[in-house]
Amino acid sequence: MAVSVRRVSVQGTTGTVIDDATQSDLITTGGNGSIALATLNGSITFDDGSAPQDGRSITADGTGSVSLKAGGAGAVLNAPAGSIVQQGAVSIDSGLRLDGALAITGGQGGARGDGPITIGGAIDGTAGGAADRLVLTSDGADVVFGGSIGATERLGGLTVNDARDVRFEQDVKLAGDLMLQAAGRVEFKGLLDLSSGSLSIVGATELVIGNVVIASGNAVLRVDALTLGGLISGSAAARLELAGAGTASGVTVGGSAGAAGLTLG
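The paragraphs below set out a description of the structure included in this document.

Here is what the cut-offs are and how they apply
- Residues numbered from 1 in each chain as written.
- Predicted model: local features only at pLDDT ≥ 70, side-chain atom pairs only at ≥ 80, totals over all residues.
- Heavy atoms only, no water.
- Pairing = 2+ DSSP bridges.
- Helix = DSSP H or I, 4+ residues; strand = E, 2+ residues; numbered from the N terminus.
- Buried < 20%, exposed > 50% of the residue type's maximum accessible area, 1.4 Å probe, protein only.
- Phe/Tyr/Trp six-rings, centres within 6.5 Å; stacked < 30°, edge-to-face > 60°.
- Polar contact = N/O pair within 3.5 Å; in protein donor to acceptor, adjacent residues only side chain to side chain.
- Contact = heavy atoms within 4.5 Å.
- Core = buried A, V, L, I, M, F, W, Y, C linked by side-chain atoms within 4.5 Å.

**Focus: the pairing of strand β23 (residues 219–222)**
Judged from the four bridges that link them, strand β20 (residues 199–202) and β23 form a sheet pairing that is parallel. Of the residues in β23, the one forming a bridge with Ser200 is Val220. Here β23 runs beside strand β26 (residues 240–243); their pairing, made up of four bridges, is parallel. Each bridged residue has a counterpart across the sheet, and for Arg222 the counterpart in β26 is Ala243.

Encoded structure:
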């Protein structure tokens, strides 16, 4: 399906139509321009264009925000290797399918804490090819994952940098490392399953987590309070490091009413 775009200025005046053949990156320049792109029934595929070919496919200028949504049954955002970089919030209100490494960065130009990142749908990789790794970088704002991660095709790794609260609403399944740097509350509402790779959660004031499976890697938890609602299990050679985040002298560990424990071996 061909798509044509008409540029609109901040004053509401329109410019010339840009057809399919000459479109490139989805970028706003000047005027704190936001980006909102949605389909009613179909997937969206974005890639780094040639003007410029700088590793960025979507960029909103100033304090503008980015909102992406692929509507309809089975519709997803197809994300080849590249990045989404902008100054304000990033909201992806649909499934996300990676094909290589994708970096999403929010809140890079305004006040600290104005770049929350929300991905509302399921996140999966693509079989074959380069490792499907997702890196999210906020500016001290919240990061929320509303759907499952790796239910169909596991990612090769997931990293969250410089977040406040981080929340996973559903199961997380990875074939690589899970690295979280957060200053607030980190919560897993489903299973965490790492078929390979290690777990690192650093800086959080509170970690709420249920069942965890780490097949071959280690676990580093530097948090001030830990609520363990299930079992953390790993290989016989696995190492667990549990320490405070730095704001407390130790770690407060409290299990839920259900099973709580640690099994290594």
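**So, unusual backbone geometry**
In the Ramachandran plot, Asp162 falls in the positive-phi region, its phi being about 55° despite a non-glycine side chain. In this structure, Asp162 sits in strand β15 (residues 155–163). Classification of Asp162 by relative accessible area gives partly exposed; the value is 26%.

**Re the packing of aromatic side chains**
In total, this model carries two aromatic pairs according to the counting rule given. Residues Phe145 and Phe168 carry aromatic rings whose centres are separated by 4.7 Å and whose planes lie at 5° to one another, so their mutual orientation is stacked. Placement of the pair is Phe145 in strand β14 (residues 143–145) and Phe168 in strand β16 (residues 166–168), with a sequence separation of 23 residues. Given a relative accessible area of 1%, Phe145 falls into the buried group. Take Phe168: its relative accessible area is 0%, and that puts it in the buried class. Between the aromatic rings of Phe168 and Phe188, the centroid separation amounts to 4.6 Å while the plane-to-plane angle is 5°, which identifies the pairing as stacked. Remark: Phe188 occurs in strand β18 (residues 185–188) and Phe168 occurs in strand β16; sequence separation between them is 20 residues. Across the pair, Phe188 and Phe168 agree in class, each one buried. Members of the aromatic cluster, connected to one another through ring pairs, are Phe145, Phe168 and Phe188.

**Regarding the side chain of Glu187**
When you line up the elements, Glu187 lands in strand β18. Polar side-chain contacts of Glu187 include one of 3.4 Å to the side chain of Arg185. Leaving out residues up to four positions away in the same chain, Glu187 has contacts with Val166, Arg167, Phe168 and Val208.

**Looking at the side chain of Asp139**
The topology assignment puts Asp139 in the loop between β13 (133–137) and β14. Engagement of the side chain of Asp139 in a polar contact is seen with the backbone nitrogen of Asp114, the distance being 3.3 Å. Apart from the residues within four sequence positions on either side, Asp139 is in contact with Gly106, Gly107, Ala111, Arg112, Gly113, Asp114, Gly115 and Asp162.

**Considering the nonpolar core**
Residues Ile104, Leu134, Phe145 and Phe188 are the most contacted members of the largest nonpolar core, which totals 51 residues. By residue number, the principal contributor to this core is strand β17 (residues 172–182), which donates five residues. Apart from residues lying up to four places away in sequence, Ile104 is in contact with Ile84, Val90, Ile92, Ile117, Ile119, Leu134, Val135, Leu136 and Thr137.

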